[in-house]
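One-letter residues, chain by chain:
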Amino acid sequence: MELDSRLKNILDKSETDLRDIYKEIDEQCLKNSIKVLNAFKKNNVSEAHFNMTTGYGYNDIGRDTIEEIYSNIFGGEDALVRNQFISGSHAITVSLFGLLRPNDIMLCISGTPYDTLHEVIGIKDNNSSLKSFGVIYNEIDLVNDDFDYKKIEKYLKKETPKIVYIQRSKGYSTRKSITIEKIEKVIQIIKKINKELTIVIDNCYCEFVEDKSPLEVGADIIIGSLIKNLGAGMASNGAYVVGKKELIHLIAERLTVPGEGKDVGPSLGANKEFLKGLYFAPSVVAASIKTAVLTSYILENLGYNVEPKYNEKRADIVQNIVFNDRDKLINYCKSIQSYSAIDSNAVVEPSEMPGYDDEIIMASGSFTQGSSIEISCDGPLRTPFIAYQQGSLTFEYGKIAIINSINELLIKK
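Calculation notes
Residues numbered from 1 in each chain as written. Predicted model: local features only at pLDDT ≥ 70, side-chain atom pairs only at ≥ 80, totals over all residues. Heavy atoms only, no water. Helix = DSSP H or I, 4+ residues; strand = E, 2+ residues; numbered from the N terminus. Buried < 20%, exposed > 50% of the residue type's maximum accessible area, 1.4 Å probe, protein only. Expected span 1.5 Å × (residues − 1). Contact = heavy atoms within 4.5 Å. Polar contact = N/O pair within 3.5 Å; in protein donor to acceptor, adjacent residues only side chain to side chain. 1 Å grid on protein atoms, 1.4 Å probe; cavity = no way out; pocket = protein on both sides within 12 Å on 5 of 7 lines; lining within 4 Å. Points joined across faces, edges and corners; volume = space filled by probe spheres on them. Salt bridge = Lys/Arg side-chain N within 4 Å of Asp/Glu carboxyl O. Phe/Tyr/Trp six-rings, centres within 6.5 Å; stacked < 30°, edge-to-face > 60°. Patch = residues over 30% accessible without salt bridge, like charges linked within 9 Å, V, L, I, M, F, W, Y side chains within 5 Å. Areas by Shrake-Rupley, 256 points an atom, 1.4 Å probe, with all protein chains shown as cover. Axes fitted to C-alpha atoms, helices over the stretch in contact; angles between N-to-C directions. Nonpolar A, V, L, I, M, F, W, Y, C, P; charged D, E, K, R; others polar.

In the segment running from Glu 307 into Pro 308, the intervening peptide bond is cis, with an omega of 0°. Backbone geometry at Asn 324 places phi at a positive 55°, although glycine is not the residue there. Residue placement: Asn 324 occurs in the loop between strand 9 (319–322) and helix 10 (326–338). We classify Asn 324 as exposed; its relative accessible area is 55%.

What follows concerns helix 10. Helical geometry: 3.6 residues make up each α-helical turn, so side chains three or four residues apart lie on a common side. With 13 residues, helix 10 ought to run about 18 Å at 1.5 Å a step, and its terminal C-alpha atoms sit 19 Å apart, in line with that. All of the buried residues along helix 10 are Leu 329, Ile 330, Tyr 332, Cys 333, Ser 335, Ile 336 and Gln 337. Elements that come into contact with the buried residues of helix 10 comprise helix 9 (271–301), strand 9, strand 10 (360–363), strand 11 (376–380), strand 12 (386–390) and helix 11 (395–412). Near the N-terminus of helix 10, the side chain that reaches the backbone nitrogen of Asp 327, with its oxygen 2.9 Å away, is that of Asp 325.

The next point concerns empty space enclosed by the protein. For the structure on display, the rule yields two cavities of 30 Å³ or more. Approximately 100 Å³ is the volume attributed to the largest cavity. Forming the walls of the largest cavity are 15 residues, and the residues nearest its centre are Phe 74, Phe 208, Glu 210, Lys 212 and Ser 213. When contributions to the lining of the largest cavity are tallied by element, the ones reaching two or more residues are helix 2 (19–42) and helix 3 (61–74).

Should their charged atoms come close, side chains of opposite charge can pair. Here the structure, examined in full by the defined rule, presents 24 salt bridges. Among the salt bridges present, the one from Lys 170 reaches Glu 307, with a minimum N-O distance of 3.5 Å. Of this pair, Lys 170 sits in the loop between strand 4 (163–167) and helix 7 (180–193) while Glu 307 sits in strand 8 (residues 305–307), and the two are 137 residues apart along the sequence. Residue Lys 176 is joined to Glu 307 by a salt bridge in which the shortest nitrogen-to-oxygen separation is 3.1 Å.

A complete count under the given rule lists 15 aromatic pairs for this structure. Centroid distance Tyr 114 to Tyr 172: 5.5 Å. Interplanar angle 55°. Geometry classified as tilted. Here Tyr 172 lies in the loop between strand 4 and helix 7 and Tyr 114 lies in the loop between strand 2 (105–108) and helix 5 (118–121), a separation of 58 residues in the sequence. Judged by its relative accessible area of 21%, Tyr 114 is partly exposed. Centroid distance Tyr 304 to Phe 323: 5.8 Å. Interplanar angle 75°. Geometry classified as edge-to-face. A residue pair is termed long-range when its members are at least 10 positions apart, and Tyr 304 in the loop between helix 9 and strand 8 and Phe 323 in the loop between strand 9 and helix 10 qualify at 19 residues. In this pair, the class of Tyr 304 matches that of Phe 323, namely buried. Ring-pair connections join several aromatic residues into one group, and the members of that group are Tyr 70, Phe 74, Phe 208 and Tyr 240.

Next up on the list: the side chain of Ser 177. For Ser 177, the position within the fold is in the loop between strand 4 and helix 7. Here Lys 170 takes part through its backbone nitrogen, which lies 3.2 Å from a polar atom of the side chain of Ser 177. Within polar-contact distance, the side chain of Ser 177 engages the side chain of Asp 316 at 2.5 Å.

We now examine a nonpolar patch on the surface. Taken together, the side chains of Leu 37, Tyr 279 and Phe 280 present a nonpolar region at the surface, about 290 Å² in accessible area. Counting through the fold element by element, Phe 280 comes out in helix 9. Residue classification places Phe 280 among the partly exposed positions, given a relative accessible area of 34%.

Here we come to the side chain of Asn 404. Summarising the element assignment, Asn 404 is placed in helix 11. The class of Asn 404 is buried, set by a relative accessible area of 14%. A polar contact of 2.8 Å, which involves the side chain of Asn 404, links it to the backbone oxygen of Ile 400.

This part is about the environment of Val 347. As for its position among the elements, Val 347 is in the loop between helix 10 and strand 10. With 16 residues separating them along the chain, Val 347 and Ala 363 place their C-alpha atoms 8.9 Å apart.

Any two packed helices are characterised by how steeply their axes cross, that is the angle between the axes, and by the distance between the axes. Where helix 1 (residues 5–17) contacts helix 11, the axes come no closer than 10 Å and their chain directions differ by 145°. On helix 11, the residues that touch Arg 6, Leu 7, Leu 11 and Glu 15 of helix 1 are Lys 399, Ile 403, Ile 406, Asn 407 and Leu 410. Each residue belonging to the contact of helix 1 with helix 11 can be placed in one class, and the counts come to five nonpolar, one polar and three charged.

Roughly 1,100 Å³ of internal volume is contained in the largest pocket. Counting residues per element, the ones that place at least two in the lining of the largest pocket are helix 4 (88–99), strand 10, strand 11 and strand 12. Broken down by class, the residue content of the lining of the largest pocket amounts to 18 nonpolar, 18 polar and six charged. In this structure, the second largest pocket occupies an estimated 430 Å³ of space. What lines the second largest pocket is a set of 21 residues, among which Glu 24, Ile 25, Val 209, Lys 313 and Arg 314 lie closest to the centre. Within the residue set of the lining of the second largest pocket, elements represented by two or more residues are helix 2 and helix 9. Tallying contributions element by element places helix 2 first for the lining of the second largest pocket, with seven residues. Residue composition of the lining of the second largest pocket, by class: 11 nonpolar, two polar and eight charged.

Below, the structure is given as structure tokens:
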């Protein structure tokens, strides 16, 4: 396809303007690759760890080694890395039900959580929610994309929640994602008031974007999906929970059976996928960030409102594009789908999806269904009609998809 002249000029200029940013991303990738390789070497990973178990899954050395590797990389005492988790939302749900009891308070300090947790918590009525089991939920909104430190302090001096919950990535909101620097600051304030509180972090989309994990700055539990950053397009499903040993024990007993916990759960052939995905994750995350930076740079130069800006510090791999136009959002997602490797001939349309109140448009021409780390773009059909773009297994494939999609946007305009 012949490129629009405006786009061609911006692309030519980007080679110079983005050089230093790409270099920083490559340096971060190297740091994370060293972390991963050191963890593999420390745990003496061998071909034997690729073997699978079935049935109860007793003595699965591959599964147990993977969980030790996750603990090493992210600074936890223990981990639960399982293909029995269907998604990141499932892992969060299991964790919350594992840690909370009737009359306990869950306080979310990053505003309203992601749509798929509304029925889990009881924000939206459901007879299987935490609320239906007597768990009390409160939330404190962010202020100017940062924690409301004064309100949090005031709340914690009056109430004693069992869990303080933070969602780092923006979800389907207009706020910024939350950096490790802000996480560290708020944890210090919380622990100064009450060091017994359990701090749980939804770390989806954020792994390997910054130097540290939330556990390294005082969090107790982090949770994420393996069809996002850490699966690197290799893992077919699954999620992880890493953190304090006694908390992982409770969560494992909720996932499996009280009294059996981590000792059961067959790997069913997932060990090699999990290990290979983690091994490739630093470079795939780097490719995703570069794709997001280039998207932001081009569209900002074309006058679109984007978040983050191309030269802003990033906390995750998600790139927001504010279209303020239903058709533009739909058409952009359709173009991303058409330049994907799988189902490129599919025409995506808005539709209802489980866990969401609005219709969703979702482009994910991926090897694994719903895999966000492969080039994908989605958004709810509500104002201001924001596209949430993430992923790309390589920068080259991401560049091809976004350049052609933006070009089509300009032609249709």
